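If you want the building blocks of each chain, they are given just below.
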Amino acid sequence: MIPISVLDLSPIAVGSNAGQALHNSLDLARHVERLGYNRLWLAEHHNMPGIASAATAVALAHVASGTSTIRLGAGGIMLPNHAPLMVAEAFGTLAALHPGRIDLGVGRAPGTDQITAQALRRNLNAEIDAFPRDVIELMNYFKPASPDQRVQAVPGAGLAVPVWILGSSLFGAQLAAMLGLPFAFASHFAAADLEGAIAIYRGRFEPSEYLDKPHVMLGMNVVAADTDEEAHFLQSSRLQAFVSLRTGRPGLIQPPVENYEETLDAIGRATLQHMNHASVVGSPATVKAGIEAFIERTGADEIIATNMIFDHEKTKRSYEILAEQLIAAPAQVSVS
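Anyway, here's the lowdown on the structure attached to this text. None of the values given here were measured: they were computed from a predicted structure.

Here's the deal with the overall build of the protein chain
Per the secondary structure count, the protein chain includes 11 helices and nine strands. In terms of overall size, the protein chain behaves like a compact globule, its C-alpha atoms giving a radius of gyration of 19 Å where 336 residues would be expected to give roughly 20 Å. Taken along the three principal axes of its C-alpha coordinates, the protein chain extends 65 × 45 × 40 Å. Going through the 336 residues of the protein chain one by one, you find that 52% of them count as buried. Taking the intrachain contacts of the protein chain between residues at least 6 apart in sequence as the baseline, contacts between residues at least 24 apart amount to 74%. Split by element, the accessible area of the protein chain, about 14600 Å² in all, is 55% carbon and sulfur.

Now the structure itself:
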């Protein structure tokens, strides 16, 4: 079986707060570390009341300090929001404190709406197509500094932090292939270009000093419970969050409700339809069969599972069921 990893959004549920969400992220990381998951990533999102991982490097420092073996990283840092040098320094610091455990996934989206993007970047005139240049600059900061190098990342220089390209379209696949980097596709919320992106990445991949052959990790929504009925009930919190986001009303993670999809109009149901291409919801047997079928269909080298369950203990139980079905024994598989 291929490696299975976790994407955690540090969800803030109704009745809770950001501090508790971040404590839950550490608790989840310890839990999945014991279960043998390969890595846990946190994602950068801004101005979203239900997500606590906006300051992603800070949140990772919190999680890293309480774990010991699992790889940790960003899935991802939205590079247009940051100067490459500052990203290199932040992740260089993490790598200096936790050698061999830190990944850096980068994407070219702002991770928020346009008004918040303006608050983050101050200058919206910067070209989004500057992303490839910024990625190369960022990677160079992780190489050993040359004697005449006037600007270097401290910490960062010489630490060789693995950089991943994140994408939800064909652009990221092309860039990852050209640079010879591992590629993570956000199929858990944007599966429309999944097959095309995989084909481009594998077909155009150029071996590099970082990677000798393609490595593609695919996002999946996975909600596992003891029965199919319970799992579908639990996943209604994620569905509510997605519909709220897509309709411009992001909020806290809501409690699950029975038969949520039946309450939606045609627009709401259409909003959720494309998410089902990379989702599996159900009992242990249902989840095992669904993920194995997805791997067979896509040829994924790694799966990164995510969910947004209201109850933290139910979240842990979901990942426990997934591990029981698809993780043979605790072991990390590094891509560096």
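Quick word on the packing of helix H6 (residues 170-179) against helix H7 (residues 194-204)
In contact at an axis separation of 8 Å, H6 and H7 are set at 15 degrees when each is read in the N-to-C sense. With respect to H7, the axis of H6 lies roughly parallel. Where H6 crosses over H7, the handedness of that crossing is right-handed. On H7, the residues touching Leu170, Ala173, Gln174, Ala176 and Ala177 of H6 are Gly196, Ala197, Ile200, Tyr201 and Arg204. Taken together, the residues that form the contact of H6 with H7 break down as seven nonpolar, two polar and one charged.

So, the side chain of Arg71
Counting through the fold element by element, Arg71 comes out in strand E3 (residues 71-78). According to the relative accessible area criterion, Arg71 is buried, its value standing at 5%. A distance of 2.7 Å separates the side chain of Arg71 from the side chain of Asp103, its partner in a polar contact.

Re the packing of helix H5 (residues 131-141) against H6
For the pair H5 and H6, interaxial distance at closest approach is 11 Å and the crossing angle is 40 degrees. If you check the angle between H5 and H6, you find them oblique. The chirality of how H5 crosses H6 is right-handed. Residue-level inspection shows Phe131, Pro132, Val135, Ile136 and Met139 of H5 in contact with H6, the latter providing Phe171, Leu175 and Leu179. When grouped by side-chain class, the residues that make up the contact of H5 with H6 number eight nonpolar, no polar and no charged.

Overview of the pairing of strand E8 (residues 279-282)
By the alternation rule, side chains of E8 split into Ser279 and Val281 and Val280 and Gly282, which are all buried. As judged from the four bridges shared by strand E7 (residues 216-224) and E8, these two strands associate in the parallel manner. Each bridged residue has a counterpart across the sheet, and for Val222 the counterpart in E8 is Val280.

Concerning the environment of Gly172
Within the fold, Gly172 resides in helix H6. A relative accessible area of 6% means that Gly172 is categorised as buried. For the pair Gly172 and Tyr210, spaced 38 residues apart in sequence, the C-alpha to C-alpha distance is 17 Å.

A few points about the environment of Phe142
In this structure, Phe142 sits in the loop between H5 and strand E5 (163-167). By relative accessible area, which is 3% here, Phe142 ends up buried. Separated by 12 residues in the primary sequence, Phe142 and Val154 place their C-alpha atoms 9.6 Å from one another. Setting aside residues up to four positions removed in sequence, Phe142 forms contacts with Ala88, Phe91, Gly92, Leu104, Gly156, Ala157, Gly158, Leu159, Ala160, Val161 and Val163.

Here we look at the nonpolar core
The biggest cluster of nonpolar side chains holds 71 residues, and the ones touching the most others in it are Tyr37, Phe91, Leu104, Val135 and Leu322. Those residues in contact with Phe91 that sit more than four places away from it in its chain are Ala57, Leu60, Ala74, Ile77, Ile102, Asp103, Leu104, Phe142 and Val161. One finds Leu9, Met48, Ile51 and Ile253 within the second-largest nonpolar core, a separate group that totals 14 residues.

Side note on the pairing of strand E2 (residues 39-42)
Neither face of E2 is left uncovered, since the one carrying Arg39 and Trp41 and the one carrying Leu40 and Leu42 both have all their residues buried. Between the parallel elements strand E1 (residues 4-8) and E2, the chain passes through helix H1 (residues 18-35) in a crossover that is right-handed. The pairing of E2 with E3 spans four bridges and is classified as parallel. Within E3, the position partnered with Leu42 by the bridge is Ala74. Handedness of the β-α-β unit built from E2, helix H2 (residues 56-65) and E3 comes out right-handed.

Quick notes on the rules
- Residues numbered from 1 in each chain as written.
- Predicted model: local features only at pLDDT ≥ 70, side-chain atom pairs only at ≥ 80, totals over all residues.
- Heavy atoms only, no water.
- Helix = DSSP H or I, 4+ residues; strand = E, 2+ residues; numbered from the N terminus.
- Rg over C-alpha atoms; globule rule 2.2 N^0.38 Å.
- Buried < 20%, exposed > 50% of the residue type's maximum accessible area, 1.4 Å probe, protein only.
- Contact = heavy atoms within 4.5 Å.
- Areas by Shrake-Rupley, 256 points an atom, 1.4 Å probe, with all protein chains shown as cover.
- Axes fitted to C-alpha atoms, helices over the stretch in contact; angles between N-to-C directions.
- Parallel < 35°, antiparallel > 145°, perpendicular 65-115°, else oblique.
- Left-handed = near helix turned anticlockwise from the far one by under 90°.
- Nonpolar A, V, L, I, M, F, W, Y, C, P; charged D, E, K, R; others polar.
- Polar contact = N/O pair within 3.5 Å; in protein donor to acceptor, adjacent residues only side chain to side chain.
- Pairing = 2+ DSSP bridges.
- Core = buried A, V, L, I, M, F, W, Y, C linked by side-chain atoms within 4.5 Å.
- Right-handed = clockwise from strand over helix to strand, strands pointing away.

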